[in-house]
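# Residue-level structural notes
Here is what each chain is made of, one letter per residue.
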Amino acid sequence: MSEESENKPAGQAAESNQQEGIQVGILGQYIKDLSFENPTPAQTLQKMANEKPAMDINVNLNARQLGEEVYEVDLKISSTAKAGEDTAFVVELVYSGLFGAKNVPQEALQPFLMIEAPRMLFPFARRIIADATRDGGFPPLMLEPIDFAGLYAQQVQQAKAQAEAPQEDITVN
């Protein structure tokens, strides 16, 4: 450490730390939960040879702080395929990542955790789901890229609309 930095007042030292810039990175990523259900494989494989299954795909995000400058982001993807009335398969994945975020302004932290972090995790989650469905005897489920920025903007708009909606008085008997 140089004499110049040792002799700086505390306010100037904090200011120089802020000037280091924003630092973010993936500290680790992992499968938190993976489930694949194939309730009636013989019947549904025969049906799927003649008809395309109906797919229902859901995506959820969760982020939480684990320590100083360390955050965990969960990307949950679930899909149900139906062949007629029969469920062909159900796949559920919670794929998580640990992210370090240093010198990130508070107003930029949530967009980073809800847009950029899941964008980094998605290709790995997509491959896991494709492998699970293929290993279950079905064609691999190749998920289309997800617009996490659009989803985040939609959530922000919904939160604003709920905040602006008139609150009704609630009485409990």
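Here the structure is shown first, and the text comes after it.
Residues numbered from 1 in each chain as written. Predicted model: local features only at pLDDT ≥ 70, side-chain atom pairs only at ≥ 80, totals over all residues. Heavy atoms only, no water.

### As for the side chain of Glu72
The cut-off we apply is this: Helix and strand assignments follow DSSP, with helices taken as H or I runs no shorter than four residues and strands as E runs no shorter than two, numbered in order from the N terminus. Between N or O atoms, a polar contact is any pair within 3.5 Å; within protein, one atom must be a potential hydrogen donor and the other a potential acceptor, and residues adjacent in sequence are included only when both atoms are from side chains. Only heavy atoms enter the contact rule, under which two residues are in contact if any of them lie within 4.5 Å.
Examined against the element boundaries, Glu72 turns out to sit in strand 3 (residues 70-83). A distance of 2.5 Å separates a polar atom in the side chain of Glu72 from a polar atom in the side chain of Tyr30. Aside from chain neighbours lying at most four places away, what touches Glu72 is Tyr30, Lys32, Asn62, Ala63, Arg64, Leu66, Ser96, Gly97 and Leu98.

### Focus on the pattern of salt bridges
To keep it simple, the criterion reads: The term salt bridge refers to a pairing of a side-chain nitrogen on Lys or Arg with a carboxyl oxygen on Asp or Glu at a separation within 4 Å. Relative accessibility under 20% of the residue-type maximum defines a buried residue, over 50% an exposed one, and the middle range a partly exposed one, all with a 1.4 Å probe and only protein chains included.
Throughout the structure, instances matching the rule amount to seven salt bridges. Between Asp74 and Lys32 there is a salt bridge, with the nearest N and O atoms lying 3.2 Å from each other. Taken together, the residues Asp74 in strand 3 and Lys32 in strand 1 (residues 23-37) connect sequence positions 42 residues apart. On the basis of relative accessibility, which here comes to 40%, the residue Lys32 falls in the partly exposed class. Here Arg127 makes a salt bridge to Asp131, at a shortest N to O gap of 3.1 Å. Residue Arg127 and its partner Asp131 are located together in helix 4 (residues 106-135), separated by four residues, close to a single helical turn. Look at Asp131 and you get partly exposed, because its relative accessible area is 22%. By sharing partners, the salt bridges in this structure join Lys32, Arg64, Glu72 and Asp74 into a single network.

### Concerning the nonpolar core
The following threshold applies: To qualify as a nonpolar core, a set must consist of buried Ala, Val, Leu, Ile, Met, Phe, Trp, Tyr and Cys residues joined through side-chain atoms within 4.5 Å.
By size, the foremost hydrophobic cluster in this structure holds 32 residues, and its most contacted members are Leu75, Ile77 and Ile129. Mapped by element, the contributors of at least two residues to this core are strand 3, strand 4 (86-102), helix 4 and helix 5 (148-164). In terms of residues, this core owes the most to one element, helix 4, which gives 12 residues. Those residues in contact with Ile129, other than ones at most four positions away along the chain, are Ile77, Val91, Leu93, Leu141 and Leu143.

### Re the side chain of Asp74
Residue classification places Asp74 among the buried residues on the basis of a relative accessible area of 11%. Polar contacts involving the side chain of Asp74 include one to the side chain of Ser96, which spans 2.5 Å. Excluding anything up to four places from it in sequence, Asp74 contacts Lys32, Asn60, Leu61, Asn62, Val94, Tyr95 and Ser96.

### Some points on the packing of helix 4 against helix 5
The following threshold applies: Every axis corresponds to a line fitted to the C-alpha atoms, with the helix fit spanning only the stretch in contact, and the corresponding angles, defined between N-to-C directions, vary from 0 to 180 degrees. Convention used here: angles under 35 degrees read as roughly parallel, angles over 145 as roughly antiparallel, angles from 65 to 115 as roughly perpendicular, and any remaining angle as oblique. Note on convention: near helix rotated counterclockwise from far helix by under a right angle means a left-handed crossing. Clockwise means right-handed. In this classification, Asp, Glu, Lys and Arg are treated as charged, Ala, Val, Leu, Ile, Met, Phe, Trp, Tyr, Cys and Pro as nonpolar, and every other residue, Gly included, as polar.
Contact geometry of helix 4 with helix 5 gives a least axis separation of 9 Å together with a crossing angle of 150 degrees. Taken together, helix 4 and helix 5 sit at an angle that is classed as roughly antiparallel. Read as a crossing pair, helix 4 and helix 5 show a hand that is right-handed. Note on element contacts: helix 5 touches helix 4 through Phe148, Ala149 and Tyr152, opposite Gln110, Pro111, Met114, Ile115, Pro118, Arg119 and Phe122. When its residues are assigned to classes, the contact of helix 4 with helix 5 shows eight nonpolar, one polar and one charged.

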